[in-house]
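Inside the fold
Residue-level listing of the chains:
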Amino acid sequence: MIEPSMVSSLLRICLILVLISAACLLTTRNLSSLVRTYALQSLILVAIAILIGVIENNSILLLIAGITLVSKVIGIPWFIRIIQQRIKIQQDLKFSYLQPGGALMVSMLLILLVYLCFSRVLKDLFTENSLFFMGSVIGVSLMLMGLIAIFTRQLAITKVIGYLSMENGVLLFGLFVTELPFITEFVIMVDLIILVLLTTILTVGMDSSIDAYTNRLKEFHLWSEEEVQA
């Protein structure tokens, strides 16, 4: 049986790694690296859910960890990689509003602001369980860093990674502060899958006419010749 003190130490390490992965999502320009970073961030959340499930003896958290592993660590990254290979986008070099360095500075300020606000709002939680207080702060901070990624990125396919990172923040906050029901996480998974599919459509055809959009589908091999003629 794992000692509670060891589990707490592992959780703290995982939370720090979540922040590092969020910082990488703000600064990385290579799309393949972005997808790998998101998958790694999701894998860390799987580990956190398992560790908390062990502490609280909660089977629902273990089930959520399994869903997250299948959808966020394997399924969604695999789908994004296929789309990225089809549309042949390797890098996102253009940033809006903030460059990576500025985005990191704003993120640090937001983390400090969230900490100060939560130290007042969740004073009892901070006093009783500093680990869960830390998890709630990092969960909200991850949501805000994902929002920064959405505003600073220009390509649709990279913006969606910001949305996915924001949802990871929601999940992280729910794991530490609230009892996140299984059905809520399932609905979120469905929304994310739909979001990725819509992003694919926007990526290849947002500024196209119907004919031009059909040609783009054929060009990127996202639609077979027989389906187009039908």
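Rules and cut-offs
- Residues numbered from 1 in each chain as written.
- Predicted model: local features only at pLDDT ≥ 70, side-chain atom pairs only at ≥ 80, totals over all residues.
- Heavy atoms only, no water.
- Helix = DSSP H or I, 4+ residues; strand = E, 2+ residues; numbered from the N terminus.
- Buried < 20%, exposed > 50% of the residue type's maximum accessible area, 1.4 Å probe, protein only.
- Polar contact = N/O pair within 3.5 Å; in protein donor to acceptor, adjacent residues only side chain to side chain.
- Contact = heavy atoms within 4.5 Å.
- Core = buried A, V, L, I, M, F, W, Y, C linked by side-chain atoms within 4.5 Å.
- Phe/Tyr/Trp six-rings, centres within 6.5 Å; stacked < 30°, edge-to-face > 60°.
- Expected span 1.5 Å × (residues − 1).
- Patch = residues over 30% accessible without salt bridge, like charges linked within 9 Å, V, L, I, M, F, W, Y side chains within 5 Å.
- Areas by Shrake-Rupley, 256 points an atom, 1.4 Å probe, with all protein chains shown as cover.
- Salt bridge = Lys/Arg side-chain N within 4 Å of Asp/Glu carboxyl O.
- pLDDT = per-residue confidence, 0-100.

Our next topic: the side chain of Gln-41. Tracing the sequence through the fold places Gln-41 in helix α2 (residues 31-56). With a relative accessible area of 0%, Gln-41 lands in the buried category. Here the side chain of Gln-41 touches Ser-21 through a polar contact of 3.0 Å, side chain to side chain. Here Ser-165 takes part through its side chain, which lies 3.4 Å from a polar atom of the side chain of Gln-41. Not counting residues up to four positions away in its chain, the partners in contact with Gln-41 are Val-18, Ser-21, Ala-22, Leu-25, Leu-142, Ser-165 and Asn-168.

A few words now on the nonpolar core. Membership of the largest hydrophobic core comes to 30 residues, with the highest contact counts inside it found for Leu-11, Val-18, Ile-48, Leu-172, Leu-175 and Phe-176. Taken together, the elements giving at least two residues each to this core come down to α1 (4-27), α2, α3 (59-87), α6 (130-152) and α7 (156-176). Beyond its immediate stretch of four places on either side in the chain, Val-18 contacts Gln-41, Ile-44, Leu-45, Ile-48, Ile-138, Leu-142 and Leu-172. If you look at the next biggest cluster of nonpolar residues, it comprises 12 residues, including Leu-25, Leu-31, Val-160 and Leu-164.

Once that is clear, we can look at the side chain of Asn-168. Mapped onto the secondary structure, Asn-168 falls in helix α7. Within polar-contact distance, the side chain of Asn-168 engages the side chain of Gln-41 at 2.9 Å. With residues up to four places along the chain from it excluded, the contact list for Asn-168 reads Tyr-38, Gln-41, Ser-42, Leu-45, Lys-72 and Leu-142.

This paragraph deals with the packing of aromatic side chains. Enumeration according to the criterion identifies 3 aromatic pairs in this entry. A ring pair is formed by Tyr-115 and Phe-133, whose centres lie 5.7 Å apart and whose planes are at 75 degrees; its orientation type is edge-to-face. Taken together, the residues span a long stretch of sequence, with Tyr-115 in helix α4 (residues 100-121) and Phe-133 in helix α6 at a distance of 18 residues. Under the relative-accessibility criterion, Tyr-115 is labelled partly exposed at 37%. Take Phe-133: its relative accessible area is 2%, and that puts it in the buried class. Where Phe-132 meets Phe-176, the ring centres are 5.4 Å apart and the plane angle is 75 degrees; that geometry is what we call edge-to-face. With Phe-132 in helix α6 and Phe-176 in helix α7, this pair connects stretches of sequence that are 44 residues apart.

Because an α-helix packs 3.6 residues into every turn, residues spaced three or four apart end up facing the same way. Here α6 is 23 residues long and its end C-alpha atoms lie 32 Å apart, about the 33 Å a rise of 1.5 Å per residue gives. Within α6, 17 of the 23 residues are buried, which leaves the element mostly enclosed by the surrounding structure.

Right, let's get into a nonpolar patch on the surface. A surface patch of nonpolar side chains, amounting to about 530 Å² of accessible area, comprises Met-6, Leu-10, Ile-13, Ile-16, Leu-17 and Ile-20. By secondary structure assignment, the location of Leu-10 is in helix α1.

What follows is about the confidence of the model for the chain. Do not read the predicted coordinates in detail wherever pLDDT is low. Within the chain, residue pLDDT values average 78, and 71% of them lie at 70 or more. Of the regions scoring below 50 in pLDDT, residues 205-210 engages in 6 contacts with residues more than four places distant in sequence or in other chains. Every residue in residues 222-230 is under pLDDT 50, and counting partners more than four places away or in other chains gives 11 contacts.

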